[in-house]
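Each chain is listed here by its residues.
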Amino acid sequence: QVHLVESGGGLVQAGGSLRLSCAASGLTFSSQTMAWFRQAPGKEREFVAAISMSGRWLWYKDSVKGRFTISRDNAKNTVNLQMNSLKSEETGVYYCAAVAGNRYEESPRKYDYWGPGTQVTVSS
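Thresholds applied
Residues numbered from 1 in each chain as written. Predicted model: local features only at pLDDT ≥ 70, side-chain atom pairs only at ≥ 80, totals over all residues. Heavy atoms only, no water. Salt bridge = Lys/Arg side-chain N within 4 Å of Asp/Glu carboxyl O. Helix = DSSP H or I, 4+ residues; strand = E, 2+ residues; numbered from the N terminus. Buried < 20%, exposed > 50% of the residue type's maximum accessible area, 1.4 Å probe, protein only. Pairing = 2+ DSSP bridges. Axes fitted to C-alpha atoms, helices over the stretch in contact; angles between N-to-C directions. Phe/Tyr/Trp six-rings, centres within 6.5 Å; stacked < 30°, edge-to-face > 60°. Lys NZ or Arg CZ within 6 Å of the ring centre and 35° of its normal. Disulfide = S-S within 2.5 Å.

*Asks:* Looking at this structure, how should I read the pattern of salt bridges?
*Replies:* Two side chains with opposite charge may pair up if their charged atoms get near one another. Evaluated as defined, the whole model comprises 6 salt bridges. Put simply, D62 and K65 hold a salt bridge, and the shortest N to O gap is 3.0 Å. E90 is the salt-bridge partner of R67, the closest N and O atoms lying 2.5 Å from each other. With R67 in the loop between β6 (58-60) and β7 (68-73) and E90 in the loop between β8 (78-83) and β9 (92-100), the pair connects residues that are 23 residues apart, well separated along the chain. The exposure class assigned to R67 is buried, which follows from its relative accessible area of 12%. What emerges from the salt-bridge pattern is a single network uniting R38, E46, K61, R67 and E90.

Here it is, written out as structure tokens:
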């Protein structure tokens, strides 16, 4: 059974930083493109960042480029999201997701597996 579990969320002031982690089990981690999505209250889930199977290719939502960094450790089956200079409008639940193969997908419907999410609250 596949499990993705996010951690690292919390409350931070605008301009601050958080590092999210996602631990995966029950799947061949190195064969998955991994991604982070977020969902604000009353809004649709949106793509934030993704990383290819080897970590060679990285994709970001335009508004987070230069502030967020996605990384993975295939030996530990983990994917991380370092978030700097956070903004209040980035408050929401952050989800880790996986899809087989090297695929750049921004639609959440394309992803096979999801974690339960971790809350990130950015106070202004």
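*Asks:* Even after reading the chapter, I still don't get the sheet that holds strand β1 (residues 3-7), so can you show me in this structure?
*Replies:* Hydrogen bonds between backbone atoms are what pair the strands of a sheet, whose relative direction is either parallel or antiparallel. Pairing is antiparallel in the open sheet, where 4 strands are placed in the order β1-β3-β8-β7. Only two strands of the sheet have a single neighbouring strand rather than two, namely β1 and β7. Taking each pair of neighbouring strands and ignoring which way they run, the sheet shows an average axis angle of 15°. Relative to β8, β7 runs antiparallel, the two being bridged by 6 bridges. When the bridges of β8 are listed, T69 appears paired with Q82.

*Asks:* Is there a simple way to explain the environment of I51 in this structure?
*Replies:* Here I51 shows up in strand β5 (residues 46-51). Given a relative accessible area of 2%, I51 falls into the buried group. For the pair I51 and L20, spaced 31 residues apart in sequence, the C-alpha separation works out to 14 Å.

*Asks:* Help me out: how do you make sense of the packing of aromatic side chains in this one?
*Replies:* In this description, a pair of aromatic rings is defined by centroid distance and the angle of the planes. Under the counting rule described, the total for this entry stands at 7 aromatic pairs. For the pair F37 and Y111, a centre-to-centre distance of 5.1 Å together with 80° between the ring planes defines the contact as edge-to-face. With F37 in strand β4 (residues 32-39) and Y111 in the loop between β9 and β10 (113-114), this residue pair connects regions lying 74 residues apart in the sequence. We note that F37, like Y111, is buried. Between Y111 and W114 the ring centres are 6.1 Å apart and the planes differ by 65°, which places this aromatic pair in the edge-to-face class. Here a set of aromatic residues connected by ring pairs shows up, and it is made of F37, F47, W59, Y95, Y104, Y111 and W114. Lying over the aromatic face of Y95, R45 brings its terminal NZ or CZ to 3.6 Å of the ring centre.

*Asks:* Honestly, the state of the cysteines in this entry has me stumped. Any pointers?
*Replies:* In a disulfide, the sulfur atoms of two cysteines are covalently bonded to one another. The final tally for this structure, using the stated rule, is 1 disulfide. Between the sulfur atoms of C22 and its disulfide partner C96 the distance amounts to 2.2 Å. The chirality of the disulfide connecting C22 with C96 is left-handed, given an S-S dihedral of about -75°. Here C22 is found in strand β3 (residues 18-25), whereas its partner C96 is found in strand β9, with 74 residues between them in sequence.

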